[in-house]
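A structural walkthrough
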Amino acid sequence: MTTTARAQGATVWLTGLPSAGKTTIARRLSDRLRAEGRRVEVLDGDEVRRFLSAGLGFSREDRNTNVQRIGLVSEVLARNGVLSVVPVIAPYADSREAVRKRHEASGTPYIEVHVATPVEVCSERDVKGLYARQAAGALTGLTGVDDPYEPPTDPALTLRTQTQSPQESADAVYAVLAERGLL
């Protein structure tokens, strides 16, 4: 591996419903990349919302603002040689497209991955208890249930986590990075 290849950054944007497996895949992928000595950051949607986007709600406008903030940070990291792995719901196509365009404008590689787990499977996993809270009437605006999720129309990769393990999903993302010469 040359120093030049090592310095190549990119954004891997993992979008999908709550409890689809985005963060698990991101962690598996980042662990592998770090073990290989690569510079990698995971910009987890929940962590970013707690700190960088504190005070934002879940209206379409606030969700868009959150996605744009994450997109900016990711693009800056990637432009500076970091592999930025971004597991976020990012429910709206126009918000994701704006992030893609930001990357294109700076010549920074951007790989959109749709973690296409069906809502029924996500509801069974219910990692954070969101689906149970929504079903009990204690939560409204749950993406994919009573708030829209606009799936990507042309992702670089679609992962069907109901039929593959988190490691197989992470390996598939790694393969796309390798195919594109980003490793």
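Calculation notes
Residues numbered from 1 in each chain as written. Predicted model: local features only at pLDDT ≥ 70, side-chain atom pairs only at ≥ 80, totals over all residues. Heavy atoms only, no water. Buried < 20%, exposed > 50% of the residue type's maximum accessible area, 1.4 Å probe, protein only. Helix = DSSP H or I, 4+ residues; strand = E, 2+ residues; numbered from the N terminus. Pairing = 2+ DSSP bridges. Core = buried A, V, L, I, M, F, W, Y, C linked by side-chain atoms within 4.5 Å. Contact = heavy atoms within 4.5 Å. pLDDT = per-residue confidence, 0-100. Phe/Tyr/Trp six-rings, centres within 6.5 Å; stacked < 30°, edge-to-face > 60°. Lys NZ or Arg CZ within 6 Å of the ring centre and 35° of its normal. Salt bridge = Lys/Arg side-chain N within 4 Å of Asp/Glu carboxyl O.

With 6 of its 6 residues buried, strand β4 (residues 110-115) lies for the most part within the structure. The two faces of β4 match: Tyr110, Glu112 and His114 on one face and Ile111, Val113 and Val115 on the other face are all buried. Two strands pair when backbone bridges link them, and strand β1 (residues 10-16) and β4 are joined in this way by 6 bridges, in the parallel orientation. Note on β4: the bridge partner recorded for Thr15 is His114.

This paragraph deals with the nonpolar core. By size, the foremost hydrophobic cluster in this structure holds 31 residues, and its most contacted members are Leu14, Leu29, Leu33, Val113, Val173 and Leu177. Setting aside its immediate chain neighbours within four residues, Leu177 contacts Val12, Leu29, Leu33, Leu83, Ile111, Leu182 and Leu183. Formed by 10 residues, the second largest nonpolar core is a distinct cluster that contains Val48, Val67, Ile70 and Val99.

Let's shift gears to the environment of Glu104. Counting through the fold element by element, Glu104 comes out in helix α5 (residues 93-106). Assessed through its relative accessible area of 54%, Glu104 is described here as exposed. Taking the C-alpha atoms as reference points, Glu104 and Glu75, 29 residues apart in sequence, are found 9.7 Å from one another.

Our focus in this paragraph is the side chain of Ser74. Within the secondary structure layout, Ser74 lies in helix α4 (residues 60-79). When sequence neighbours within four positions are dropped, the list of residues in contact with Ser74 reads Thr11, Leu43, Ser84, Val86 and His103.

Along β1, 7 of the 7 residues are buried, which leaves the element largely enclosed by surrounding structure. Along β1, one buried face is formed by Ala10, Val12, Leu14 and Gly16 and the opposite face, lined by Thr11, Trp13 and Thr15, is buried too. In the sheet, β1 pairs with strand β3 (residues 83-87) via 5 bridges, with the strands oriented parallel. If you follow Leu14 over to β3, its bridge partner there is Pro87.

On to the confidence of the model for the chain, then. Predicted confidence across the chain gives a mean pLDDT of 93, with 96% of residues reaching 70 or more. Throughout residues 1-6 the model reports pLDDT below 50, and contacts reaching past four residues in sequence, or to other chains, amount to 7 contacts.

Here the structure, examined in full by the defined rule, presents 1 aromatic pair. Consider the rings of Trp13 and Tyr110, whose centres lie 6.2 Å apart with planes at 40°: the pair is tilted. With Trp13 in strand β1 and Tyr110 in strand β4, the pair connects residues that are 97 residues apart, well separated along the chain. Tyr110 matches Trp13 in its accessibility class, with the two residues each being buried. Directly above the aromatic system of Tyr174 lies the positively charged group of Arg32, at a separation of 3.4 Å from the ring centroid.

Both trends apply: most residues other than glycine have a negative phi, and most peptide bonds are in trans. Even without being a glycine, Ser19 presents a positive backbone phi close to 70°. By secondary structure assignment, the location of Ser19 is in the loop between β1 and α2 (22-35). Residue class for Ser19 comes out buried when judged on its relative accessible area of 12%. Not every positive phi belongs to a glycine, and Asp126 is a case in point at roughly 35°. Along the chain, the position of Asp126 falls in the loop between α6 (119-125) and α7 (130-135). A residue is classified by how much of its surface remains accessible, and Asp126, at 15% relative accessible area, is buried.

Counted according to the given criterion, the structure contains 12 salt bridges. With a closest N to O distance of 3.7 Å, Glu36 and Arg32 form a salt bridge. The class of Glu36 is partly exposed, set by a relative accessible area of 27%. Look at Arg32 and you get partly exposed, because its relative accessible area is 32%. The shortest N-O distance in the salt bridge between Glu150 and Arg60 comes to 3.9 Å. Taken together, the residues span a long stretch of sequence, with Glu150 in the loop between α7 and β5 (157-159) and Arg60 in helix α4 at a distance of 90 residues. Exposure remark for Glu150: the relative accessible area of 28% places this residue in the partly exposed category. The class of Arg60 is partly exposed, set by a relative accessible area of 39%.

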